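# Residue-level structure breakdown
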Amino acid sequence: MPKGSIIGLDTETHLRAVRELRASYARWLGGRMVHFVQTLQGVAAFGLITLGVLATHRGRASQVIRPLVWQQVLRCGVSLLPMVLFLSMTLGLVVIGNSLAYTNRVGASQWIPKVMGTVVVREIGPMLAALIVLSRAGTAIVIELGTARASGEVEALEVLGIDPIHYLVLPRLIGVALGVICLTVYGIVAALCSGYLWAFLQAIPILPGEYFSQLTASLHPLDFVILGMKSAGLGVLIALVTCYHGLARPLQVDEIARATIRAVTQGVILCVATDALFLVVYLLL
Amino acid sequence: MTGVDVASPRTADGISLRDVEWRIEPREFWVVGGLLSSGKTDLCLTAAGALPPARGSLRLFGEEVGGGFTQGQVNQRLRVGLVQDGGLLFRHLNVAENIALPLQYHHDATLEDVLPRLSAWLESTGLHDRALQPAGSVGRNWAQRAGLARACILEPELLVLDNPLTGLDPRHARWWLDTLGLLWRGHPLVSHRPMTLVVTCDDFRPWIAPGRRYALLRGRRFEPLSPTLDPGELPRLLLDEAP
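Residues numbered from 1 in each chain as written. Chains lettered and ligands numbered in written order. Predicted model: local features only at pLDDT ≥ 70, side-chain atom pairs only at ≥ 80, totals over all residues. Heavy atoms only, no water.

Moving on, we come to the nonpolar core. Membership of the largest hydrophobic core comes to 55 residues, with the highest contact counts inside it found for V133, Y167 and V176 of chain A together with L101 of chain B. Those elements giving two or more residues to this core turn out to be α1 (11-56), α2 (62-76), α4 (112-151), α5 (153-159), α6 (164-201), α8 (221-247) and α9 (256-284) of chain A together with α3 (95-107) of chain B. For this core, the element with the most residues is α4 of chain A, which contributes twelve residues. In terms of domain composition, this core takes at least three residues from each of domain 1 (1-56) and domain 2 (62-284) of chain A. (Core = buried A, V, L, I, M, F, W, Y, C linked by side-chain atoms within 4.5 Å. Buried < 20%, exposed > 50% of the residue type's maximum accessible area, 1.4 Å probe, protein only. Helix = DSSP H or I, 4+ residues; strand = E, 2+ residues; numbered from the N terminus. Domains from an automatic or database assignment.)

As a further point, take the interface of chain A and chain B. The interface is formed by 24 residues belonging to chain A together with 24 residues belonging to chain B. Summed over both sides, the interface between chain A and chain B buries roughly 2,300 Å², with carbon and sulfur atoms accounting for 62% of that surface. Taken together, the connections running from chain A to chain B amount to one salt bridge. For E153 of chain A, the salt bridge identified is with R91 of chain B, shortest N-O distance 3.0 Å. Where chain A packs against chain B, one counts eight residue pairs in polar contact (both at pLDDT 80 or more). Every element with two or more residues in the side of chain A that touches chain B is listed here: α2, α4, α5 and α6 of chain A. For the side of chain A that touches chain B, the element with the highest residue contribution is α5 of chain A, accounting for six residues. (Contact = heavy atoms within 4.5 Å. Buried area = accessible area lost by both parts, 1.4 Å probe. Salt bridge = Lys/Arg side-chain N within 4 Å of Asp/Glu carboxyl O. Polar contact = N/O pair within 3.5 Å; in protein donor to acceptor, adjacent residues only side chain to side chain.)

What follows concerns the packing of aromatic side chains. Per the stated rule, a full pass over the model turns up eleven aromatic pairs over all chains. Look at F29 of chain B and W207 of chain B: their rings are 6.4 Å apart centre to centre, the planes differ by 55 degrees, and that puts the pair in the tilted class. Of this pair, F29 of chain B sits in strand β3 (residues 29-34) while W207 of chain B sits in the loop between β9 (196-201) and β10 (213-218), and the two are 178 residues apart along the sequence. With respect to class, F29 of chain B is no different from W207 of chain B; both count as buried. Summarising the aromatic geometry, the rings of W30 of chain B and F222 of chain B are spaced 6.5 Å apart at their centres and angled 40 degrees between planes, so their arrangement reads as tilted. Taken together, the residues span a long stretch of sequence, with W30 of chain B in strand β3 and F222 of chain B in strand β11 (residues 221-224) at a distance of 192 residues. Its relative accessible area of 2% is what places W30 of chain B among the buried residues. Taking relative accessible area as the criterion, F222 of chain B reaches 6% and is therefore assigned buried. Members of the aromatic cluster, connected to one another through ring pairs, are Y196, Y211 and F212 of chain A. The ring of W184 of chain B is capped by R27 of chain B, whose NZ or CZ atom sits 5.2 Å from the centre of that ring. (Phe/Tyr/Trp six-rings, centres within 6.5 Å; stacked < 30°, edge-to-face > 60°. Lys NZ or Arg CZ within 6 Å of the ring centre and 35° of its normal.)

With that settled, the discussion passes to the pattern of salt bridges. With the rule as written, the count across this model stands at 24 salt bridges over all chains. In this structure, E155 of chain A engages R149 of chain A in a salt bridge whose closest nitrogen and oxygen atoms are separated by 3.9 Å. In this structure R149 of chain A comes out as buried when scored by relative accessible area, which is 18%. For D13 of chain B, the salt bridge goes to R220 of chain B, with nearest N and O atoms at 2.8 Å. On the criterion of sequence distance, the pair formed by D13 of chain B in the loop between β1 (2-7) and β2 (15-20) and R220 of chain B in the loop between β10 and β11 is long-range, its members being 207 residues apart. Using a relative accessible area of 40% as the deciding quantity, one classes D13 of chain B as partly exposed.

Residue and element names in this part refer to chain A. Within the secondary structure, S231 is located in helix α8. Using a relative accessible area of 2% as the deciding quantity, one classes S231 as buried. A polar contact of 2.8 Å, which involves the side chain of S231, links it to the backbone oxygen of L227. Once you skip the residues sitting within four places of it in the chain, S231 turns out to touch V180, I181 and T184.

Attention now moves to the environment of R145 of chain B. Residue and element names in this part refer to chain B. Its location among the elements puts R145 in helix α5 (residues 140-152). Distance from R145 to S124, taken between C-alpha atoms, is 9.7 Å for residues 21 residues apart in sequence. Residues within four places of R145 in sequence aside, it is in contact with T125, G126, L127, H172, W175 and W176.

Once that is clear, we can look at the pairing of β1 of chain B. Residues and elements named next belong to chain B. Within β1, five of the six residues are buried, leaving the element largely enclosed by the surrounding structure. Alignment of β1 against β2, held across three bridges, turns out to be antiparallel. If you follow V6 over to β2, its bridge partner there is L17. (Pairing = 2+ DSSP bridges.)

All names here are of chain A. With respect to the helices, strands and loops of the structure, M89 is situated in helix α3 (residues 81-105). Judged by its relative accessible area of 41%, M89 is partly exposed. Each C-alpha atom of the pair M89 and V189 lies 8.9 Å from the other, and the pair is 100 residues apart in sequence. The residues touching M89, leaving out its near neighbours within four places in the chain, are A190 and S194.

We now examine the packing of α4 of chain A against α6 of chain A. Two numbers describe a pair of packed helices, the interaxial angle and the distance between the axes. Residue and element names in this part refer to chain A. Where α4 meets α6, the closest approach of the two axes is 8 Å, and the angle between their N-to-C directions is 145 degrees. Seen along the crossing, α4 lies across α6 with a hand that is right-handed. Contact with α4, carried on its side by M116, V120, V121, G125, P126, A129, A130, V133, I141, E144 and L145, involves L168, R172, V176, V180, L183, T184, I188, A191, L192 and G195 of α6 and no other residues of that element. Class assignment for the residues of the contact of α4 with α6 results in 16 nonpolar, three polar and two charged. (Axes fitted to C-alpha atoms, helices over the stretch in contact; angles between N-to-C directions. Left-handed = near helix turned anticlockwise from the far one by under 90°. Nonpolar A, V, L, I, M, F, W, Y, C, P; charged D, E, K, R; others polar.)

Attention shifts here to the domain arrangement of chain A. Residues and elements named next belong to chain A. The domain boundaries assigned to chain A delineate domain 1 (1-56) and domain 2 (62-284). For domain 1 versus domain 2, the distance between C-alpha centres works out to 31 Å. Taken together, the twelve residues of domain 1 in the interface contact 15 residues of domain 2. Both faces combined, the contact of domain 1 with domain 2 buries some 1,200 Å², and carbon together with sulfur accounts for 90% of it. If you sort the residues of domain 1 by the area they bury against domain 2, V43, F46 and V53 come out on top, with a joint share of 44%. Remark: the boundary between domain 1 and domain 2 carries zero salt bridges. The interface formed by domain 1 and domain 2 contains zero residue pairs in polar contact (both at pLDDT 80 or more).

Along the chain, G187 of chain A falls in helix α6. Not counting residues within four places of it along the chain, the set of residues in contact with G187 of chain A comprises V84 and S88 of chain A.

In structure tokens:
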């Protein structure tokens with residue numbers, strides 16, 4: 001092997017190959033980021049259009065729209081309740097089980113309610129509900145709307161003088177937001193209760209009244225306001241991203257699967273980013 | 001339509017027909033023939049105000065068509081009905097809900113409120129027994145009829161039909177020709193008011209008798225045919241187009 005060479009290439013060729021690799025990686029990364037920013041722009045524009053329709057069509061065709069909203073609440077809330085309860089209870093056990101292992105060693109088990117309050121109410125509750133709704137109802141929304149777009153049903157609505165945003169998007173937006181809010185509340189209650197149950201089984205000397213009063217003391221009234229805003233915000237975001245990917249551009253039937261994957265990926269990224277944003281709000285309080 | 005380029009999401013340049021000059025007078029019965037991918041569907045969507053033209057001026061009942069959903073624009077659009085190829089029913093609704101949807105939406109009514117009118121259309125189209133079936137489970141013959149009932153339930157003045165006889169069995173095709181003739185003269189369910197009709201087709205033969213004006217789509221152009229043309233010549237015009 002010649003001097004200064006790596007894996008059989010002379011130094012100059014090797015450096016050129018590395019530079020090309022770096023450039024191609026930077027191009028790929030840059031392309032992905034530009035695409036993501038463009039999508040964000042599209043989702044924001046879609047959100048503004050939806051807001052406009054919400055304002056201008058208020059009360060219009062309520063006999064048609066209201067049942068559609070309830071249908072979405074049923075799908076994004078009620079039908080997902082067993083799954084959310086199961087996962088929340090499991091997570092409550094996991095959080096308190098892990099916390100106990102450490103707090104017991106340093107004799108700080110009285111901090112358990114505070115840990116539960118912070119972790120479950122502020123973080124896990126809303127995120128868990130949002131991710132479950134995204135994975136179960138969000139995917140269904142992209143497929144439904146994508147199929148309606150590909151088969152020409154959206155144009156058929158326009159022909160009948162029905163605004164597709166009003167008929168297809170608004171009920172989903174309201175339904176998903178309400179669904180995430182309700183599931184968050186139920187999920188938090190289930191996680192806190194299962195957490196207490198685990199602590200009780202581990203012979204931690206905390207009475208239920210004491211546990212819940214410590215829990216309440218660890219939370220600020222603003223926590224509840226922010227919790228409501230956060231879960232509603234995550235619900236609106238999920239509905240917008242999934243409806244955008246289902247409706248925003250003409251789709252062929254074979255593109256629906258890819259649109260669904262894109263919607264879920266971007267939905268997860270946006271939910272996590274929003275969660276991080278709220279963390280900053282919590283730190284500022 | 002004046003100097004209209006008909007837009008299309010399916011062609012490479014986004015245009016399916018160029019420089020369309022077309023004026024439809026009240027009570028006319030237009031038959032527009034064209035082979036597959038000649039732009040019939042796009043022309044129907046444009047004529048119904050659902051697909052904005054890529055260029056040119058589109059006026060419905062003397063007013064420029066806007067793409068929005070303000071009350072004025074919606075009212076203008078509702079004066080035109082469109083029956084799409086295969087009926088294009090909404091799959092999340094059953095047949096009756098599909099037909100009632102425009103009436104419910106624009107009059108903010110429940111299904112019970114619109115039941116008398118709905119029943120009359122179900123009876124007239126022979127869909128009574130299939131009213132509660134999911135839209136996706138009815139055959140093309142019946143889905144097409146449901147599409148007609150849905151388009152007519154708001155009593156439009158102009159009815160555009162995209163290839164209404166495609167894929168129908170001869171009995172149903174007969175029913176369509178009779179019903180369209182009745183609509184053109186004034187159907188009882190549209191207050192006996194004669195309708196203006198535009199039909200697209202890929203075979204002129206069934207339309208020689210009912211049609212009054214004819215046009216051809218070829219080479220991405222809309223060619224109105226002379227009223228003095230012998231209707232017997234029409235099928236040959238499309239055959240000459242075939243490869």
